[in-house]
Amino acid sequence: MTPELMIKACSFYTGHLVKTHFCTWRDIARTNENVALAEKMNRAVTCYNFRLQKSVFHHWHSYMEDQKEKLKNTLLRIQQIIYCHKLSIILTKWRNRARLKSKKKEDELILKHELQLKKWKNRLILKRATAEESNFPEQSSSEGSLVDETLKCDISLLPERAILQIFFYLSLKDVIICGQVNRAWMLMTQLNSLWNAIDFSTVKNVIPDKYILSTLQRWRLNVLRLNFHGCLLRPKTFRSVSHCRNLQELNVSDCPTFTDESMRHISEGCPGVLYLNLSNTTITNRTMRLLPRHFHNLQNLSLAYCRGFTDKGLQYLNLGNGCHKLIYLDLSGCTQISVQGFRYIANSCTGITHLTINDMPTLTDNCVKALVEKCSRITSLVFTGAPHISDRTFKALSTCKLRKIRFEGNKRVTDASFKYIDKNYPNLSHIYMADCKGITDSSLRSLSPLRQLTVLNLANCVRIGDMGLRQFLDGPASIRIRELNLSNCVRLSDVSVMKLSERCPNLNYLSLRNCDHLTAQGIGYIVNIFSLVSIDLSGTDISNEGLNVLSKHKKLKELSVSECYGITDVGIQITDSAMEMLSAKCHYLHILDISGCVLLTDQILEDLQIGCKQLRILKMQYCTNISKKAAQRMSSKVQQQEYNSNDPPRWFGYDREGDPLTELDNVTPSKGASELTVEKSTYSSEEQAA
C-alpha cells in the first residue's frame, strides 16, 4: 500500500465520519427547535387567553357597577316617593282638620254675630218704644245711648286693607254717596289705593264734567285705569286725562265726543298706556298716526266699529317705533279695511296673539291669508258674523299655533276644515263653532285626538248626531273636556248622554237645550256625571220624575229648566221624602231658571227658601201662576231675580195652562200680567249678618 492510497483512505474515512456525525447533529438540533417553538406557542396562547379574560372581566365589572348605581338610585327614588306620599297624606289630613276647625270657628262667629245683632235690634226696638212714651229729655238721652252703640259697629275702626276690600265692591257712584255720610266715611273714601281705577261709566249723565275734572286733577298720580265707556263729555274733560302720567288702561268706547284732538292730548301726556279701547268713536287716520309715535308699549288695542280711518291709517302703524308690542287687536265692524289694509297690519304688528274680527261681512279668505303671512304667533281667533270665510282660511291658519278659535253663523266652513286639525292645531283648547250648518259627524271624529281640548261649543249644529258624538268621546279629547254646549242638536238622544257619563270625568258645564229626544232615562245618566255643576235642560221633555232623579246630584249649582211645561210644584217641593226632592238635595244650587214653567205656583218659592238657601239668581219669566206678591217676597232672598207673569210666547208651543197650541190658537197677553225685575236685590237680615 502506497502512502497516497493511505492518505485517500484516511481522508475518505474522516469525511464519512464527519458527514455521519453532522447529519446526526442536524436531526437532533431540528428536534430541539420544534420543541422550543411548541413551548413558545403554548405560552402565547395562554397569554392571549389571560388578556381576553381580563378584558371580559373588566367590561363585566363596569356593567355590574352601573347596575348597582341604578339600583341604588331606584331605591332612593322609591324612598322619596314613599316619603312624599306620606307627607301628602299628612298634609291632606291636616288641611281637612284645619278647614273643619276654621269652618266651625266661622260658624260660631257668625252665630255669635247673629245673636248679638238680634239682641241689639231687640234693645233698639225696646229703647224706641221707651222713648215714645217718655219725655223729650229722656228721648234725647236714649238717642245718645243708641249713637254710642252704633259707634261700636263703625267700619272706620277696621284696618285700611279691610276698608279697601269693602269699597272695591262699590261703584264710583256708591263711593261718592258713602263719602257724604259723615267725616269718617269721607276720609275712608279718600284712600289713595281706592282711586287706582276709576269707572266713570257707572255715573254717566249723573255727575257733571266739573266733578270729573276735579277728580282727575286730585288723583292724577294715582290713577292707573280709566273707564269713560258711553260718557258724553266735553273735549276739555278728555284733555284733562293727559295729567294722569301713570295711566296704563284707557277705555273711551262709545264716546261720541271723543275726537282726534282729544287723542292728541292724551298721547302726549300718557305715553305709558298699555290698554286702549277706541271702539265706536269718530277717530280718523290722524289718531292712527299718533299711536306708533307715542304709545311704544301698547299691547291691547280695540278699533271695533271705528269707520273713520282707512287703509292708509293702518299703514301709519309702522311709523317710528311702531306698534310691534301689540298682542291683542279688535277690528270688529271695520268694513272699510281691504286686503291691503290687512297687509299693513301684518307688516307692523307681527307679534299679535289674539285677533277679534266680528260683524264683518267684507272679510274674505284673502284678507286672513294676507294677515297670517307675517303674524304667525296668533293663538286666539274670533270670527263671528263673517259669512264669506271658508275652508281656505283654516288652511292659511295652519302656520299659526292656535289654541282658541271661534266661528259663528258660517255656512261655508265644512268638515274639510277639521280633517287635519289634530296635526295642524294639536294644542287647541277652545273651539266655538256655533250655528255652522256645514259641520257633521265627520268633524267630531276629527276632533277626537285633541288632548288639550277643554271647551267645545257646537250649538245649532243640527247635523250632528249620536254617532259623531260617540266617535268624539271615544278619543282622548273626552278626558279633559270641561264645557260642552250641544244646544239645538236635535238628533242627539239618551245614547249620547250615556256616553258622556262614561267618558267625561271632568265635565262641569253641559247644555242640552231643545234636545227633544232626551227622555227620563237620559236624565238618569246625567246624575252619573259627578263633576257637573251646571246643566241646561230648557225646552226638553223633563218632568217631575226627571227633577226627582236630578235631585240626587250633590254638586249641581246651576239648573235651567225654562220652557219645560211638564214641571209642576211637585217636582220642587219639600215633603217627608226630602232625600228625593231637588230643593232638599241641591243645597249648593246658585242659579235656577224656571222660565216658562206655567204650572208652578207660589208654593215653589216657599220650597226653595227652605231647601236652597244658597240660591243667588232666580229667573221666573212667563210663570203665570206665580203671583207678584210672592215674587216680591222672594226678591229679598236672592241677589238677582227676573220675573213676569205674562203669557208664554207662541214659539214656546203651549199656552198659559200648559196645553199645546194649535194653528187656530191666538194667544194674547192677560190683562193682569205684571212684570218685576230685580237687578240688585237686598239681602235678608240673616245674609247681611253673615
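Residues numbered from 1 in each chain as written. Predicted model: local features only at pLDDT ≥ 70, side-chain atom pairs only at ≥ 80, totals over all residues. Heavy atoms only, no water.

## So, the overall build of the protein
No. 1: Scanning the protein from terminus to terminus reveals 24 helices and 19 strands.
No. 2: Relative to its full complement of 690 residues, the protein shows a buried share of 41%.
No. 3: Long-range pairs, those at least 24 residues apart, make up 71% of the contacts in the protein between residues at least 6 apart in sequence.
No. 4: Summed over all atoms, the accessible surface of the protein reaches about 38,800 Å², with 55% contributed by carbon and sulfur. (Helix = DSSP H or I, 4+ residues; strand = E, 2+ residues; numbered from the N terminus. Buried < 20%, exposed > 50% of the residue type's maximum accessible area, 1.4 Å probe, protein only. Contact = heavy atoms within 4.5 Å. Areas by Shrake-Rupley, 256 points an atom, 1.4 Å probe, with all protein chains shown as cover.)

## Observations regarding the packing of aromatic side chains
No. 1: Using the criterion set out here, one finds eight aromatic pairs in the structure.
No. 2: Ring geometry for Phe200 against Phe228: centres 5.2 Å apart, planes inclined by 15 degrees, an arrangement best described as stacked. In this pair, Phe200 sits in the loop between β1 (197–199) and α6 (209–218) while Phe228 sits in the loop between β2 (225–227) and α7 (235–239), placing the two residues 28 residues apart along the sequence. Across the pair, Phe228 and Phe200 agree in class, each one buried.
No. 3: Consider the rings of Phe394 and Phe407, whose centres lie 5.1 Å apart with planes at 25 degrees: the pair is stacked. On the criterion of sequence distance, the pair formed by Phe394 in helix α13 (residues 391–396) and Phe407 in strand β9 (residues 404–408) is long-range, its members being 13 residues apart.
No. 4: In this structure, Arg406 packs its charged tip against the face of Tyr432, placed 5.1 Å from the ring centre. (Phe/Tyr/Trp six-rings, centres within 6.5 Å; stacked < 30°, edge-to-face > 60°. Lys NZ or Arg CZ within 6 Å of the ring centre and 35° of its normal.)

## Some details on the pattern of salt bridges
No. 1: Following the criterion strictly, the structure yields nine salt bridges and no others.
No. 2: Its salt-bridge partner being Lys437, residue Asp435 comes within 2.1 Å of it at the nearest N-O pair.
No. 3: Residue classification places Lys437 among the partly exposed residues on the basis of a relative accessible area of 33%.
No. 4: For Asp474, the salt bridge goes to Lys499, with nearest N and O atoms at 3.0 Å. (Salt bridge = Lys/Arg side-chain N within 4 Å of Asp/Glu carboxyl O.)

## A few points about the packing of helix α11 (residues 339–348) against helix α12 (residues 365–372)
No. 1: Two elements in contact, α11 and α12, have axes separated by 7 Å at closest approach and are oriented at 20 degrees. One finds that α11 runs roughly parallel with respect to α12. In the packing of α11 onto α12, the handedness of the crossing is right-handed. In this structure, α11 contributes Val339, Phe342, Arg343, Ile345 and Ala346 to the contact, and α12 contributes Asn366, Cys367, Ala370 and Leu371.
No. 2: Classifying every residue of the contact of α11 with α12 by side-chain character gives seven nonpolar, one polar and one charged. (Axes fitted to C-alpha atoms, helices over the stretch in contact; angles between N-to-C directions. Parallel < 35°, antiparallel > 145°, perpendicular 65-115°, else oblique. Left-handed = near helix turned anticlockwise from the far one by under 90°. Nonpolar A, V, L, I, M, F, W, Y, C, P; charged D, E, K, R; others polar.)

## Some points on the nonpolar core
In globular proteins that are soluble, nonpolar side chains generally tend to be buried together.
No. 1: If you look at the biggest cluster of nonpolar residues, it comprises 147 residues, and the most contacted ones within it are Leu226 and Phe228.
No. 2: Beyond its immediate sequence surroundings of up to four residues, Leu226 is in contact with Ile198, Phe200, Leu216, Val241, Cys244, Leu247, Glu249, Leu250 and Asn251. (Core = buried A, V, L, I, M, F, W, Y, C linked by side-chain atoms within 4.5 Å.)

## Observations concerning the packing of helix α22 (residues 603–611) against helix α23 (residues 628–635)
To characterise two packed helices, one gives the angle between the axes of the helices and the distance between these axes.
No. 1: Close contact between α22 and α23 brings their axes to 9 Å; oriented N to C, the two are set at 15 degrees. Relative to α23, the element α22 is oriented roughly parallel. Pair α22 / α23 crosses with left-handed handedness. For the pair formed by α22 and α23, the contact residues are Leu605, Leu608 and Gln609 on the first element and Ala630, Ala631 and Met634 on the second.
No. 2: Looking at the contact of α22 with α23, its residues break down into five nonpolar, one polar and no charged.

## Observations concerning helix α8 (residues 260–269)
No. 1: Along α8, the positions that sit buried rather than exposed are Asp260, Ser262, Met263, Ile266, Ser267 and Gly269.
No. 2: Looking at the packing, one finds that the buried side of α8 touches α7, β3 (249–251), β4 (275–277) and α9 (285–294).

## What about the pairing of strand β18 (residues 640–644)?
No. 1: The buried count for β18 comes to four of five residues, which makes it a mostly enclosed element.
No. 2: Note that strand β17 (residues 617–620) and β18 share four bridges and pair parallel. Across the sheet, residue Ile617 finds its bridge partner in β18, namely Gln640.
No. 3: Between the parallel elements β17 and β18, the chain passes through α23 in a crossover that is right-handed. (Pairing = 2+ DSSP bridges. Right-handed = clockwise from strand over helix to strand, strands pointing away.)

## Let's talk about a nonpolar patch on the surface
No. 1: On the surface, Leu71, Leu75, Ile78 and Ile82 cluster together to form a nonpolar patch covering roughly 360 Å² of accessible area.
No. 2: Mapped onto the fold, Ile78 is located in helix α1 (residues 3–133).
No. 3: With relative accessibility at 41%, the residue Ile78 sits in the partly exposed group. (Patch = residues over 30% accessible without salt bridge, like charges linked within 9 Å, V, L, I, M, F, W, Y side chains within 5 Å.)

## Digging into the environment of Ile405
No. 1: Within the secondary structure layout, Ile405 lies in strand β9.
No. 2: Under the relative-accessibility criterion, Ile405 is labelled buried at 1%.
No. 3: C-alpha of Ile405 to C-alpha of Leu381: the two residues are 24 residues apart in sequence and 4.8 Å apart in space.
No. 4: Among all residues touching Ile405, those that are not within four sequence positions of it are Leu381, Phe394, Leu428, His430, Ile431 and Tyr432.

## Here we look at the confidence of the model for the protein
No. 1: Chain-level pLDDT for the protein is 81 on average; 87% of the residues reach the 70-or-more range.
No. 2: Scored below 50 in pLDDT, residues 135–152 shows eleven contacts in the model against residues more than four places distant or in partner chains.
No. 3: In this model residues 664–690 is a low-confidence stretch, pLDDT under 50, and it forms 61 contacts with partners more than four residues away in sequence or in other chains. (pLDDT = per-residue confidence, 0-100.)

## What to know about the state of the cysteines
No. 1: Counted according to the given criterion, the structure contains zero disulfides.
No. 2: Unpaired in this structure, Cys461 has its nearest cysteine sulfur neighbour in Cys436, at a distance of 5.5 Å.
No. 3: The class of Cys461 is buried, set by a relative accessible area of 0%.
No. 4: Lacking any disulfide linkage, Cys515 is separated from the closest cysteine sulfur, that of Cys489, by 6.1 Å.
No. 5: Look at Cys515 and you get buried, because its relative accessible area is 2%. (Disulfide = S-S within 2.5 Å.)

## Observations concerning the pairing of β17
No. 1: Burial along β17 is one-sided: Leu618 and Met620 are buried, and none of Ile617 and Lys619, which face the opposite way, are.
No. 2: Here strand β16 (residues 591–593) runs beside β17; their pairing, made up of three bridges, is parallel. For Asp593, the partnering residue across the bridge sits in β17 and is Lys619.
No. 3: In this region the chain leaves β16, passes through α22 and returns to the parallel neighbour β17; the handedness of that crossover is right-handed.

## What about a positive patch on the surface?
No. 1: On the surface, Lys369, Arg392, Lys395 and Arg412 cluster together into a positively charged patch.
No. 2: In this structure, Lys369 sits in helix α12.
No. 3: Lys369 gets classed as partly exposed once you look at its relative accessible area, which sits at 44%. (Lys, Arg positive; Asp, Glu negative; His and termini not counted. Charge placed at Lys NZ, Arg CZ, Asp CG, Glu CD.)

## A word on the side chain of Asp593
No. 1: Note on placement: Asp593 falls in strand β16.
No. 2: The side chain of Asp593 sits in the buried core without any salt bridge; Arg513 is the nearest counter-charge, 4.9 Å away.
No. 3: One polar contact links Asp593 to Ser595, side chain to side chain, over a distance of 2.8 Å.
No. 4: Ignoring any residue separated from it by four or fewer positions in sequence, one finds Asp593 in contact with Leu559, Ser560, Val561, Ser562 and Lys619. (Polar contact = N/O pair within 3.5 Å; in protein donor to acceptor, adjacent residues only side chain to side chain.)

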